[in-house]
Amino acid sequence: NAGVTQTPKFRILKIGQSMTLQCTQDMNHNYMYWYRQDPGMGLKLIYYSVGAGITDKGEVPNGYNVSRSTTEDFPLRLELAAPSQTSVYFCASIPPGAEGSGNTIYFGEGSWLTVV
Amino acid sequence: QKEVEQNSGPLSVPEGAIASLNCTYSDRVSQSFFWYRQYSGKSPELIMSIYSNGDKEDGRFTAQLNKASQYVSLLIRDSQPSDSATYLCAVRPARQLTFGSGTQLTVLP
């Protein structure tokens, strides 16, 4: 198993550009999450999904969109990038039977995004 | 009121001392509580979980939970420079895992 894979690891965007952060897990996990972490801060939930075809907003969804067409993939789309979206983005997943358990959450390595 | 609040820090302790990290939460239905450690530039990693009132010890780490006071803490005994990191409190009220803003700990040699 490769775990949770995020791409790209680093990206610089210009204001107004769009991009997609990719997240893939090969562990057949139903629950997947996107968090952002600003410098010196904790993780804030952007969107989450409890299975293919189902997504829900988290704490800070504005400016982002997600889709979950397969169990494996949970891409995060940034439309019209703004400097306020400069952050580190973490994708995470939880195995079946442990939904919501912080004991078994698997994090990707993070994607560093800078909007200039 | 934020859902999960931590003492803001930064916190500095000398090597060998006890570091005390505190966290309060607002959602009374929360059942699961976690402490994560995050080194700079890395993903969070789980160090402790606690579900029942009282203390839970794991090596140099002790988590304490008081659901009546909606309070969870982490004690690190015999602090080492390698413990220098940001510590995140996390709470599970429902389908989501909600994190606090973190406390940066520095252990001075």
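Residues numbered from 1 in each chain as written. Chains lettered and ligands numbered in written order. Predicted model: local features only at pLDDT ≥ 70, side-chain atom pairs only at ≥ 80, totals over all residues. Heavy atoms only, no water.

Peer 1: I'd like to hear about the overall build of chain A, residue by residue, with values.
Peer 2: Across its full length, chain A holds 0 helices and 11 strands. Tracing chain A from N to C terminus, the helices and strands come up as β-β-β-β-β-β-β-β-β-β-β. Its C-alpha atoms give chain A a radius of gyration of 13 Å, within 12% of the compact-globule value 13 Å for 116 residues. Burial statistics for chain A: of 116 residues in total, 49% are counted as buried. Computing the positive centroid from 8 side-chain charges and the negative centroid from 9, chain A places the two 11 Å apart. (Helix = DSSP H or I, 4+ residues; strand = E, 2+ residues; numbered from the N terminus. Rg over C-alpha atoms; globule rule 2.2 N^0.38 Å. Buried < 20%, exposed > 50% of the residue type's maximum accessible area, 1.4 Å probe, protein only. Lys, Arg positive; Asp, Glu negative; His and termini not counted. Charge placed at Lys NZ, Arg CZ, Asp CG, Glu CD.)

Peer 1: Kindly report on the state of the cysteines, identifying the contributing residues and their values.
Peer 2: Residues and elements named next belong to chain A. According to the stated counting rule, one finds 2 disulfides over all chains in the structure shown. Residue Cys23 pairs covalently with Cys91 via a disulfide, S to S 1.8 Å. Residues Cys23 and Cys91 share a disulfide whose torsion about the S-S bond is about -75 degrees; that sign makes it left-handed. Taken as a pair, Cys23 in strand E3 (residues 19-25) and Cys91 in strand E9 (residues 87-94) lie far apart in primary sequence, 68 residues in all. Each member of the pair Cys23 and Cys91 is classed as buried. (Disulfide = S-S within 2.5 Å.)

Peer 1: Pulling in residues and values, what's your account of the packing of aromatic side chains?
Peer 2: Summed over the entire model, instances satisfying the criterion amount to 13 aromatic pairs over all chains. Aromatic pair Tyr33 of chain A and Tyr48 of chain A: ring centres 6.1 Å apart, planes at 20 degrees, arrangement stacked. Remark: Tyr48 of chain A occurs in strand E5 (residues 43-51) and Tyr33 of chain A occurs in strand E4 (residues 31-37); sequence separation between them is 15 residues. Pairing Tyr36 of chain B with Phe99 of chain B gives two aromatic rings, centres 5.5 Å apart and planes at 55 degrees, and the pair type is tilted. (Phe/Tyr/Trp six-rings, centres within 6.5 Å; stacked < 30°, edge-to-face > 60°.)

Peer 1: Tell me about the sheet that holds strand E7 (residues 61-66) of chain B, and please be specific about residues and values.
Peer 2: Pairing between the strands of a sheet is mediated by backbone hydrogen bonds and can be parallel or antiparallel. All names here are of chain B. The strand order across the open sheet formed by 5 strands is E1-E3-E8-E7-E6, and the pairing between neighbours is antiparallel. Looking at which strands have only one partner, the edges of the open sheet turn out to be strand E1 (4-6) and strand E6 (54-58). On average, each strand axis in the sheet is inclined to that of its neighbour by 20 degrees, with strand direction left out of account. (Pairing = 2+ DSSP bridges. Axes fitted to C-alpha atoms, helices over the stretch in contact; angles between N-to-C directions.)

Peer 1: Provide a residue-level description of the interface of chain A and chain B, including the pertinent values.
Peer 2: Each partner contributes to the interface: chain A provides 24 residues, whereas chain B provides 19 residues. Summed over both partners, the interface of chain A with chain B comes to about 1,600 Å²; 53% of that surface belongs to carbon and sulfur atoms. Between the two partners, chain A and chain B, sit 0 salt bridges. The interface formed by chain A and chain B holds 4 residue pairs in polar contact (both at pLDDT 80 or more) in total. Mapped by element, the contributors of at least two residues to the side of chain A that touches chain B are E4, E5 and strand E6 (54-57) of chain A. Here the residues of the side of chain A that touches chain B sort into 12 nonpolar, 8 polar and 4 charged. (Contact = heavy atoms within 4.5 Å. Buried area = accessible area lost by both parts, 1.4 Å probe. Salt bridge = Lys/Arg side-chain N within 4 Å of Asp/Glu carboxyl O. Polar contact = N/O pair within 3.5 Å; in protein donor to acceptor, adjacent residues only side chain to side chain. Nonpolar A, V, L, I, M, F, W, Y, C, P; charged D, E, K, R; others polar.)

Purely spatial values, then, with no claim about function.
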